[in-house]
Amino acid sequence: MGPMRDLLTGLDLVDDPDVLESLSHDDAEWAPYGKPVAAVRPRTTEDVRRVVAACAQRGIPIVPRGAGTGLSGGANAVDGALVLDLSKMNRIVEIDAENMTATVQPGVVNDDLKAAVAEHGLWYPPDPASAPWSTIGGNVATNAGGLCCLKYGVTRDYVLGLEAVVGGPAGDYGTVVRLGRRTTKGVSGYDLAGLFTGSEGTFGVITEITVRLRPARREAPRTVVGAFASVVEAGEAVAAITRAGLLPAALELLDRTCLRAVEEWKHLGLEADAAALLLAQLDTPGVAGDDEATAVAGVFRAAGALWAEQSTDEIEAEALFAARRLAYPALERLSPVLTEDVCVPRSRVPGMLAAIEDIAARHGATIATIAHAGDGNLHPMILAPAGDQDARRAAQAAFEDMLNAAIGMGGTVTGEHGVGLLKRGGMRRELSPAVLAMQLAVKRTLDPLNLFNPGKVVG
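Caption draft 1: Main features of the overall build of the protein chain. Helix and strand counts for the protein chain stand at 15 helices and 19 strands. In terms of overall size, the protein chain behaves like a compact globule, its C-alpha atoms giving a radius of gyration of 22 Å where 459 residues would be expected to give roughly 23 Å. Evaluated residue by residue, the protein chain yields a buried proportion of 55% over its 459 residues. Considering only contacts within the protein chain whose residues lie at least 6 apart along the sequence, 73% involve residues at least 24 apart. Total accessible area on the protein chain stands at roughly 18700 Å², and carbon and sulfur atoms take up 51% of it. Considering the protein chain, the positive charge centre built from 42 side chains and the negative charge centre built from 57 side chains are found 5 Å apart.

Caption draft 2: Structural context of the pairing of strand 10 (residues 205–212). For strand 10, the tally of buried residues reaches 7 of 8 residues, placing the bulk of the element in the interior. By the bridge criterion, 4 bridges tie strand 6 (residues 101–104) to strand 10 in an arrangement that is antiparallel. Each bridged residue has a counterpart across the sheet, and for A102 the counterpart in strand 10 is V211.

Caption draft 3: Geometry of the packing of aromatic side chains. This model, assessed by the stated rule, comprises 5 aromatic pairs. Taking the centre distance of 4.8 Å and the plane angle of 75° together, the rings of W123 and Y152 count as edge-to-face. With W123 in strand 7 (residues 122–123) and Y152 in helix 6 (residues 149–152), this pair connects stretches of sequence that are 29 residues apart. Note on W123: relative accessible area 13%, which makes it buried. Across from the ring centre of W265, 4.3 Å away, lies the NZ or CZ of K266, which sits over that ring.

Caption draft 4: Broad picture of the pattern of salt bridges. Under the defined criterion, the tally for this structure stands at 17 salt bridges. Here R41 and D85 are joined by a salt bridge, their closest N and O atoms 2.9 Å apart. Of the two residues, R41 is situated in the loop between strand 2 (38–40) and helix 3 (45–58) and D85 in strand 4 (residues 82–85); the sequence distance between them amounts to 44 residues. Among the charged side chains, a salt-bridge network with shared partners connects K151, R217 and D283.

Caption draft 5: Main features of the sheet that holds strand 10. Judged by pairing direction, the sheet is antiparallel, and its 5 strands sit side by side in the order 5-6-10-8-9 without closing on themselves. Whereas interior strands pair on both sides, the edge strands pair on one side only; in this sheet they are strand 5 (92–96) and strand 9 (175–180). Neighbouring strand axes in the sheet, compared pairwise and without regard to direction, differ in orientation by 10° on average. In this sheet, strand 9 lies alongside strand 8 (residues 159–166) in antiparallel orientation, the contact comprising 6 bridges.

Caption draft 6: Structural context of a negative patch on the surface. Taken together, the side chains of D313, E314, E316 and E318 make up a negatively charged region of the molecular surface. Owing to a relative accessible area of 42%, E316 belongs among the partly exposed residues under this scheme.

Caption draft 7: Region of interest: the side chain of K423. With respect to the helices and strands, the residue K423 is situated in the loop between helix 13 (389–408) and helix 14 (424–430). Of the residues examined, K423 reaches a relative accessible area of 4% and is grouped as buried. For K423, the side chain forms a polar contact with the side chain of E340, separated by 3.2 Å.

Caption draft 8: The nonpolar core, seen in detail. Of all hydrophobic cores here, the largest spans 56 residues; its most connected members are L278, F300, M352 and I382. The element contributing the most residues to this core is helix 13, with 8 residues. Residues within four places of F300 in sequence aside, it is in contact with V224, V225, G226, F228, A237, I241, L251, L278, A280, A305 and A308. One finds A227, A261, L279 and L326 within the second-largest nonpolar core, a separate group that totals 28 residues.

Caption draft 9: The arrangement of unusual backbone geometry in detail. Notably, H267 is not glycine yet its phi reads approximately 50°, a positive angle. Inspection of the secondary structure puts H267 in the loop between helix 9 (256–266) and strand 14 (276–282). The backbone of V457 shows a phi angle near 60°, a positive value even though the residue is not glycine. Tracing the sequence through the fold places V457 in the segment after helix 15 (433–446). A relative accessible area of 12% places V457 in the buried class.

Caption draft 10: Quick peek at the environment of D12. With respect to the helices and strands, the residue D12 is situated in the loop between helix 1 (2–7) and strand 1 (13–14). Along the backbone, D12 and P42 are 30 residues apart, and their C-alpha atoms lie at a distance of 6.7 Å.

The rules behind these values
- Residues numbered from 1 in each chain as written.
- Predicted model: local features only at pLDDT ≥ 70, side-chain atom pairs only at ≥ 80, totals over all residues.
- Heavy atoms only, no water.
- Helix = DSSP H or I, 4+ residues; strand = E, 2+ residues; numbered from the N terminus.
- Rg over C-alpha atoms; globule rule 2.2 N^0.38 Å.
- Buried < 20%, exposed > 50% of the residue type's maximum accessible area, 1.4 Å probe, protein only.
- Contact = heavy atoms within 4.5 Å.
- Areas by Shrake-Rupley, 256 points an atom, 1.4 Å probe, with all protein chains shown as cover.
- Lys, Arg positive; Asp, Glu negative; His and termini not counted.
- Charge placed at Lys NZ, Arg CZ, Asp CG, Glu CD.
- Pairing = 2+ DSSP bridges.
- Phe/Tyr/Trp six-rings, centres within 6.5 Å; stacked < 30°, edge-to-face > 60°.
- Lys NZ or Arg CZ within 6 Å of the ring centre and 35° of its normal.
- Salt bridge = Lys/Arg side-chain N within 4 Å of Asp/Glu carboxyl O.
- Axes fitted to C-alpha atoms, helices over the stretch in contact; angles between N-to-C directions.
- Patch = residues over 30% accessible without salt bridge, like charges linked within 9 Å, V, L, I, M, F, W, Y side chains within 5 Å.
- Polar contact = N/O pair within 3.5 Å; in protein donor to acceptor, adjacent residues only side chain to side chain.
- Core = buried A, V, L, I, M, F, W, Y, C linked by side-chain atoms within 4.5 Å.

Everything listed is a geometric property; what it means functionally is a separate question.
Structure (structure tokens):
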């Protein structure tokens, strides 16, 4: 790092081996990662510009990362790379209450942005389960979804504009560009801000983000809980909700394995007396919201629920949604977990849940399931005890079979976690050769040196 260290004088440079190791990968414990030469923690766009320019001069790959909560290996280092840890760029630049926008640096934590805009009577809806820890930059890089995206959309629906440090056609590597806009509407040229959203750091380094906001909810949402004798029956109830024309803010599925893992860890007072629970959150205000909650409970019962009730205890309701958010880390405490992220058309949710059960039985794999069931985004989690190579091989085979099943149902191999390293093969099976060629052409055009997060997405 000698000459490189001179180029980066004055920046927060990390070369301690233990710290570097922790910064070299995200939470996808099954994805491989390499050994970086160093990490830098920039605090300003100018810091990032300097790093990108210096790396371009030396041919050193750049791997951006936020909080490292990703589940696809998208922030994993490659050998000889510089890790760009953006977590210190955590300033909320502006909250424009009049125009209902916020401008932030990429290291701002999702829940911190929510809390800051709430003081102005506003709401930032995208809410990945990792919202207490994940950063807006990481959310933008993966186009993160979450619990409320059924009704309110995903991260891309809220990104108005970006600042990014790029190279290639824009100029020398280290060029700063502003993409998108601050207005509610705008169609001046191609949607480059939309293209960068979900690009997983492969086109440049995002250094500032302007997001649209919504008015805060006027009253607490209602929660309806339905218990089912099987996961597939819960899936049938999800399809029935769609057929009934009901649109909850969130419609989440939790199986018994997930509930028990959370309860053993956090002792929230949950009873797992059924194979699966459906949690519906309704936020229409007033009497209409009461009617909506009653209708959802009625659909659950008609679809065969063992019981379905509106939760009148706000603490209990919050505990149930806390369990949904904690399901992945709760299982991760017990065993290495290979997490799926398939998404199918909503009418195919029961069929996909049945396919997951068949795949688990065929491979002798232990699979726990959570899901953003209302929008068809399923997260079956395959457990394989540490050191059990047979279980690991079974898990990987089951993982690939689930990708193929989702593609066969007209679905996608990743709904929100991103392609990263784990889904590159699945993406190649999902997309046609013509479309893959277009994707690769965009990467090569915007990053001709293959400097930004090489080996990810299009690989």
